[in-house]
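Observations on the three-dimensional arrangement
Letter by letter, the chains look like this.
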Amino acid sequence: MSRLAALNASWLRLLAWAERRLPALTRLRAKEPLPIRLDRRRIYVVPTWFGLVFAAMLFVMSIGALNYYNNPALLLTAVLGSVCVLSMLIAFRALDGLSLERVQAGTCHAGDPLPLELVFAAGSRLRNGLRVEIGDVAAVFAALPDEPLRATLALPTQRRGLLAVPRICLWTRWPYGLFRAWSWLNPQIEALVYPRPEDTAVPLPQSGREAQRSVAQPLGEEFGALREYRARDPLRAIAWKASARHDRLLVREPEQLTGEDYVLDFDALPALDLEARIARLTRWVLMAEERRTPYTLLLPGQRLGPDLGSAHRQRCLRALALL
Amino acid sequence: MRLDRRQFDLTALTVLCATLLHATHFPFWLSLGLIAAIAARWLQRRRRPDWGKPPVLLRLPLTLALPIVVWLTYGNLFGLDPGSVFAVGMLVLKLGESETPRDARAVATFTSFVLMAALLFEQDMLTTLYVGLGVIPLLMLLRALEPSGHDVPQPVARELLRDGRAVALNLFAAVPLAVLVFLFLPRLAAPLWVTQGAPQGKTGLGDSMSPGNMSDLFLDDQPAFRVTFDAPVPPPAQRYWRGVVLWRYDGRTWSRAGGGPLDPGRQELRPLSPEIGYEITQEPGRQRWLFALDLPTSDAPGYSRDEDFTLAAARPIDKPLRYTLHSAPRYTLSGLNTLQRQRALRLPEGFNPRAVALGRQWAQQYAEPQQVVQAALDLIRAEFRYTLSPPPLGRHAMDDFLFETRAGYCEYFASAFAVLMRAAGIPTRVVMGYQGGYWNEAGSYMIVRQSDAHAWNEVWLDDRGWVRVDPTAAVSPDRIELGSGANAAFNRWYGSEWLLALRNRWDIANHWWTRLVVQFDEISQRGLLRGVGIDQAGWRELGIAFALGMGLLAALGLWWALRRERGDADLVDRAYAKLCAKLGRRGFARTPSEGPNDYLYRVLQQRPQARAALEPLFARYLQLRYASSDVDDTAAQDFARAVRRVDLAALHGS
C-alpha cells in the first residue's frame, strides 16, 4: 500500500515537473486572456485504453488473415483500421477551431457550488460529444453549427474571496471512444465567492442611532413608487400589471427608506476572530435584506450605506469577501 | 454507469449480425439456440431491465456447457468449425452479462474478430459484403457508447438513421487508406502456424464414381472454374475439361489406381491441331484435381501430371487457384505398357455377368475393336434414355442398367460402356471432369459450373492410341452441343433474357472479385507498379510507392482536419475582409474597433493619394451593407470583383 502511495507521489511529482518544464504540453504556465481559440498547436490526441485494446485485436486479426492468406479478411481488418485512423481526425476536428469567448461566473457563498457558464463560438461545424472538466466537475455538450455554445458547470468552492477559475480541460472521445483529444484552457477569469454566512442566526444588533420606529409601508402600485427595471432586479419585484400598462418593465421600489436602520459594525464584534466576524456580518446582511430594512456596514476603513437592495447587498458582500 | 436501451439494443444487434453470418455453417439447432438466447436476453432487458444481468447460477452452467457442446458436436475444441462455434458462443454469453459500456466495448472488440472469422469459411463477394454490413452496427454501437451531448432526445428511428449514415460515410471515407494498406502490406512467405484448409461446404467432383453420386452436382449452379483463352474459343463439342482418370472398378465404384508420374519417354503425345493457351481460375473444393482441356500438352507449374494426364495439387485446393495451360483439342496419345493394359482390362469377379457375356460375344462377333465400340454406341443410341433421375439399380448394377432400366446419365453410360469394352478385351478407362461451359461475352471468359460435371471414356485402339469416346453423346447429343442446361429442366427459370443477363453480370463481378481480391498475393503485389514501367517491383520500390501513397492520403486527411470553414460571412463581408487584408499587408491593418468610415479616414490621412482607388470601394461597401436590408447578388459580385482588381500601388511610398 505504501509502495503504491510512494509510486503515486512520485507520479504526481513527475507531473508537476512536466507542467513546470513543458508548459507547451500542459498549458499551465500562464493565464490567457479571452478569447482562447483552439488550434493544432494546443490540441493533443492519444489513444484511449479501449483504443489500444481494439488496435491489439486488429493486429491479431491481421496476423490471422495473413496466415490464412485470406484477403477479404485482411481487407476487413484494413477497413476497420482506417476507420480508427479517421476517427482520430474526427476527434481532432471536434475541438479544432473552437473558441472560448466568455466565462460567466455567477456568485455563491463559500461552500456552495459556483455556477460557471462557458460560452464557446463553435463555427459552422457540428461538434458532438464535447466534454468540459474542471477538476472533478464535468459536463457533456454538443455544438450545433453557427450557434454559440454554452456549457454550465457547478464549481465547488471552499474559501471566500476571488477564485481564479482553475484550468479547464476540454476533451472528447467522439466518435468511437478510440482516441481522446484534449486541450487545456487556462482563462484569466476570477470569480467572486462570498463569505459563508454564520450557521446560527444571531439577532441583528439594534441601531445605535435612536429612531422612531415605524413600520415600513409598501407604497402599492402608485406610479411614484415604481421605477424603471434595472438588470438584476429580482423578478418578484416587477410590477407586472403596471408594466403591461406602460409597455415597459417597471419595478416596485421595495421600501421607503424610513424608520430604523441597522448598523453592522465590524469593530463591534471584538470577541470573535476575523472569519467568524465576517461570517456573522454576512448573515446579518442577508437578514437585513430579508427584512427589507436599510443597513449600514462598517468595515475597517470602509462605510457602506445606509442603503437597501440587491446592489447594496452585493457591494457589502463583495467588501466582506475581499476583506 | 449502465447501458441505456438504445445502447443495449445496438449491442444485441451487433451480436445478432455476427451470429447470423456464422449460422450458415453451424448445425441448425445450434444457430437456432444462439439466436433464441440473444432474443431471450433482449426481451429480458426490455421487459425487466431491473433484473440486470442473469444470475451466476444461470451463466456459469451455460459457460461450462459451451465447450462441452462443442466437444460433443465436433469431437474437438480447435480447428475452424469448433473454434467459430466457441467464439460465437462466447460472444452470446458476453451479451448475456453486458450491462456497462465497458462490457459493450468488449462485445464490439470481440465481434470484429468473429466477423473476420466468418470470412475464413467463405471468401466470395457476397459474404464479404455481408460482413462489411455487419461492421455498421458495430461502429454504431461504439458511437452510441459515447455521450453525444445533445440534450434533446431524438426519435429512435431518426437517431438510427443519422448514426447509420454517419458510420456508412465513415466507412466509405476509410476505403482509400484501407485499399492502400491492403495492396502494400507484405504477405507472409510461409504461414506462421499450420492452417487446416477451410472445410468447404461446396460440392465438387469426387475422386471416385459410382452410379448416382453425381446427381447432387447437376443441381449445383456454383462455378467450378472460369477460363480465359488466348486463342479462339473451342467449339462446344471440344469443351471436355479433363479431371481425374479412373482405372479400378470393384463392381460398383470406379476409383483411381495409384499411377506413377508422367514419363514423357514412354507416352507419346502428338498434337494434331494448334495448341490453345488458356488460364483457369478454379474455385476451391474438397479435391486436389486440376482441370484441363482435353488433352494438356504442358504442365501447370508446381503441380504434378500423372501418366494418365491427371493434373493434381499436393493438397486439396482450399482457396481459389489460378494456372495457365496449353492443350491440343485433337491429338494422338500412344504408349501403353503391359501393366497399364492389365489395369485397363481388369473386371471384378462375380459382377454383371450379362454385361460381361455381351462384351465377350461382341469380341467374337467383330474383328475390329472399332466395330465393338460402334456396336456399343449403337446399342446405347437405340435403346437408352437420358434422365437425371434414373431408377435404382441392384447388385449387378451395370446388368440392371444395360438390360432393365436403360435410363441414366453420364456416370451410368460411362460405367456401363467401360464394363462392356473391358469384357470385349479393349483397354478402357473412365475420365471424370466437366463438359461444356458458358461463354460470357461481356466478361470475355468461359464459366464452367458444377452442373457441367461429366464422365466419359477413353479406349485404347492399337492403331490410334487412347481415343476419347463419350457414350452420353450417343444418347443425348444435346448434352454435348448445348451443355448441361439443355437437359436440365430445373434450370429453365433463368431462361428469360434479362435474368440471364443479370446472372452473367453477377458472375462477372464474382469473377473479378476472385481475381482481384481473393487471389491477390505477393506475385500480384510485385506487379503493382507495372503501370509506371516497373515490371517486377522489389520491396524497395513497393516501399517507396507505399510511402508516396500514404503521404498523399495523410496530406488529404490533414487538409480535411486542419481546414477552417469559411465562416458564414456572405460575399460582401468576405470581399470586405479581403480588402482589409490587402490594406493590412501594406501596413494599414484595420483594428477590430474601427468601422469602415474611420478606417478609410485613417488610411487617407496617411496616404491621400489613394483616395481615388479606395473611396469608391468603401462607399460601395457602405451602400451594400447599410443602405438596404437585402443585397442584390450582382451588385455584391461587382463589389467582390472590384476588390479583386483594385490597384493599391498608390499606398506605397508617401
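Only a predicted model underlies this, so the values are computations on that prediction, with no experimental measurement involved.

**Regarding the overall build of chain A**
A count of helical and extended segments in chain A gives 7 helices and 17 strands. Within chain A, the fraction of its 323 residues that count as buried is 36%.

**Points about the overall build of chain B**
For chain B, the helix and strand inventory stands at 22 helices and 19 strands. Reported as C-alpha extents along the three principal axes, the dimensions of chain B are approximately 130 × 70 × 50 Å. Here chain B holds 654 residues, and 33% of them are scored as buried. Restricting to contacts in chain B with at least 6 residues of sequence separation, those with at least 24 account for 73%.

**Examining the domain arrangement of chain A**
Domain boundaries in chain A define domain 1 (29-193) and domain 2 (226-322). For domain 1 of chain A versus domain 2 of chain A, the distance between C-alpha centres works out to 42 Å.

**Structural notes on the sheet that holds strand 3 (residues 99-105) of chain A**
Residue and element names in this part refer to chain A. Taken together, 4 strands build an open sheet; the order of strands is 1-3-5-8 and the sheet is antiparallel. For this open sheet the edge positions go to strand 1 (36-37) and strand 8 (149-155), each flanked by a neighbour on one side alone. Pairing geometry for strand 3 and strand 5 (residues 114-121), over 6 bridges, is antiparallel. Bridge pairing in strand 5 places Ser99 opposite Ala121.

**Considering the domain arrangement of chain B**
Once the domains are mapped, chain B shows domain 1 (5-147), domain 2 (209-495) and domain 3 (571-651). Here the C-alpha centre of domain 2 of chain B lies 47 Å away from the C-alpha centre of domain 1 of chain B.

**Focus on the nonpolar core**
A:Leu76, A:Val79, A:Val285, B:Leu115 and B:Leu141 are the most contacted members of the largest nonpolar core, which has 115 residues in total. Here the element with the most residues in this core is helix 4 (residues 71-95) of chain A; it accounts for 15 residues. Residues contacting B:Leu141, with those up to four places away along its chain left out, are B:Leu10, B:Thr11, B:Thr14, B:Ala104 and B:Ala108.

**A short note on helix 4 of chain A**
Since the α-helix turns once every 3.6 residues, residues separated by three or four places project in the same direction. Taking 1.5 Å of rise per residue, 25 residues should cover 36 Å, and helix 4 of chain A covers 37 Å from first to last C-alpha, within 8% of that figure. Within helix 4 of chain A, 22 of the 25 residues are buried, which leaves the element mostly enclosed by the surrounding structure.

**Focus on the pairing of strand 8 of chain A**
Looking along a regular strand, one sees side chains alternate from face to face of the sheet. Residue and element names in this part refer to chain A. Taking every second residue as pointing to the same face, the buried face of strand 8 carries Leu149, Ala151, Leu153 and Leu155, while none of Arg150, Thr152 and Ala154 on the other face is buried. With 7 bridges joining them, strand 5 and strand 8 adopt antiparallel strand pairing. The residue of strand 8 that forms the bridge with Leu116 is Leu153.

**Details of the interface of chain B and chain A**
Every contact between the two is made by 49 residues of chain B and, on the other side, 48 residues of chain A. Elements that contribute at least two residues to the side of chain B that touches chain A include exactly helix 5 (101-118), helix 6 (125-145), helix 7 (156-184), helix 16 (497-518) and helix 18 (539-562) of chain B. Here the side of chain B that touches chain A gets 9 residues from one element, more than from any other, and that element is helix 7 of chain B. Split by residue class, the side of chain B that touches chain A holds 30 nonpolar, 11 polar and 8 charged.

**Quick notes on unusual backbone geometry**
Backbone geometry follows two general trends: most residues other than glycine have a negative phi, and most peptide bonds adopt the trans configuration. For the bond running from A:Trp174 to A:Pro175, omega is 0°, close enough to zero to count as cis. Locating A:Pro175 in the fold gives a position in the loop between strand 10 (168-172) and strand 11 (179-185). At B:Asn352, a residue that is not glycine, the phi angle is positive and equals roughly 50°. The topology assignment puts B:Asn352 in the loop between helix 9 (338-343) and helix 10 (353-365). The phi torsion at B:Arg406 lies on the positive side, around 55°, for a residue other than glycine. Following the sequence through the fold, B:Arg406 ends up in the loop between helix 12 (397-405) and strand 14 (407-408). What makes B:Arg406 partly exposed here is the crowd of 19 C-beta atoms within 10 Å.

**Some thoughts on the sheet that holds strand 4 (residues 108-109) of chain A**
Residues and elements named next belong to chain A. Here we have 3 strands laid out as an open sheet, ordered 4-12-9, and mixed in their pairing. Edge strands, defined here as strands with exactly one partner in the open sheet, are strand 4 and strand 9 (161-164). Relative to strand 12 (residues 190-194), strand 9 is paired through 4 bridges, and the arrangement is antiparallel. Looking across to strand 12, one finds that Leu162 is bridged to Leu192. Along the sheet face, helix 7 (residues 310-322) touches strand 9 and strand 12 and points at about 100° away from the line of strand 12.

**Overview of the packing of helix 1 (residues 5-23) of chain B against helix 6 of chain B**
Residues and elements named next belong to chain B. Where helix 1 meets helix 6, the closest approach of the two axes is 9 Å, and the angle between their N-to-C directions is 160°. By the criterion of interaxial angle, the relationship of helix 1 to helix 6 is roughly antiparallel. With respect to the hand of their crossing, helix 1 and helix 6 are arranged in left-handed fashion. Contact residues: Arg6, Gln7, Leu10, Thr11, Leu13, Thr14, Cys17, Ala18 and Leu21 in helix 1; Tyr130, Val131, Gly134, Pro137, Leu138, Met140, Leu141, Ala144 and Leu145 in helix 6. By residue class, the composition of the contact of helix 1 with helix 6 is 13 nonpolar, 4 polar and 1 charged.

**What about the environment of B:Val372?**
Residues and elements named next belong to chain B. Looking at the element boundaries, Val372 is found in helix 11 (residues 369-383). Sequence separation between Val372 and Ile426 is 54 residues, and the spatial gap between their C-alpha atoms is 8.8 Å. With residues up to four places along the chain from it excluded, the contact list for Val372 reads Trp362, Ala363, Tyr366, Ala424 and Ile426.

**Digging into the environment of B:Leu624**
Residues and elements named next belong to chain B. Locating Leu624 in the fold gives a position in helix 21 (residues 611-627). Looking at Leu624, the number of C-beta atoms within 10 Å reads 21, which means it is buried. Each C-alpha atom of the pair Leu624 and Ala635 lies 7.8 Å from the other, and the pair is 11 residues apart in sequence. Setting aside chain neighbours within four positions, we find Leu624 in contact with Val572, Val631, Ala635, Ala636 and Phe639.

**Some details on the pairing of strand 11 of chain A**
Residue and element names in this part refer to chain A. When you tally the buried positions in strand 11, you get 6 out of 7 residues, the bulk of the element. Where strand 2 (residues 44-47) and strand 11 come together, 4 bridges link them in antiparallel fashion. Of the residues in strand 11, the one forming a bridge with Pro47 is Phe179. Hairpin geometry of strand 10 and strand 11 is characterised by an intervening segment of 6 residues between the two adjacent antiparallel strands and by a positive phi of about 75° at Gly177.

**Regarding helix 3 (residues 56-74) of chain B**
Residues and elements named next belong to chain B. Its 19 residues place the ends of helix 3 27 Å apart at the C-alpha level, agreeing with the 27 Å of an ideal helix rising 1.5 Å per residue. Where helix 3 bends most, at Ala65, the angle is about 25°, and the proline Pro67 comes one to four residues later. Just beyond helix 3, the residue with positive phi is Gly75, at close to 70°.

What counts as what
Residues take numbers from 1 onward in each chain, read along the sequence in its written order. Chain labels run from A onward and ligand labels from 1 onward, assigned in the order the entries are written. At least 70 in pLDDT is required for a residue's local features to be given in this predicted model, at least 80 for side-chain atom pairs to be given and counted, and no such filter applies to totals for whole chains, interfaces and linings, which use all residues. Only DSSP runs of H or I with at least four residues qualify as helices, and only runs of E with at least two residues qualify as strands; both kinds are numbered from the N terminus onward. We call a residue exposed when 12 or fewer other C-beta atoms sit within 10 Å of its C-beta, buried when the count reaches 20 or more, and partly exposed for counts in between; the C-beta positions come from the backbone. Once C-beta atoms have been placed from the backbone, residue pairs whose C-beta atoms lie within 7 Å are recorded as contacts. For every domain, the bounds stem from an assignment made automatically or drawn from a database. For two strands to count as paired, DSSP must find a minimum of two bridges between them. Nonpolar core, as used here: buried Ala, Val, Leu, Ile, Met, Phe, Trp, Tyr and Cys residues forming one set through C-beta atoms within 7 Å. A helix is expected to reach a length of 1.5 Å times the quantity of its residues less one. The residue classification treats Ala, Val, Leu, Ile, Met, Phe, Trp, Tyr, Cys and Pro as nonpolar and Asp, Glu, Lys and Arg as charged. All others, Gly included, are polar. A fitted line through C-alpha atoms represents every axis, and for helices the fit uses only the stretch in contact; the resulting angles, taken between N-to-C directions, go from 0 to 180 degrees. We call two directions roughly parallel when the angle between them is under 35 degrees, roughly antiparallel when it is over 145, roughly perpendicular when it lies between 65 and 115, and oblique otherwise. Left-handed describes a crossing in which the near helix is turned anticlockwise from the far one by less than a right angle; the clockwise case is right-handed. Two axes are fitted around each residue, one to the seven residues ending there and one to the seven starting there, and the angle between them is reported as the bend at that residue.

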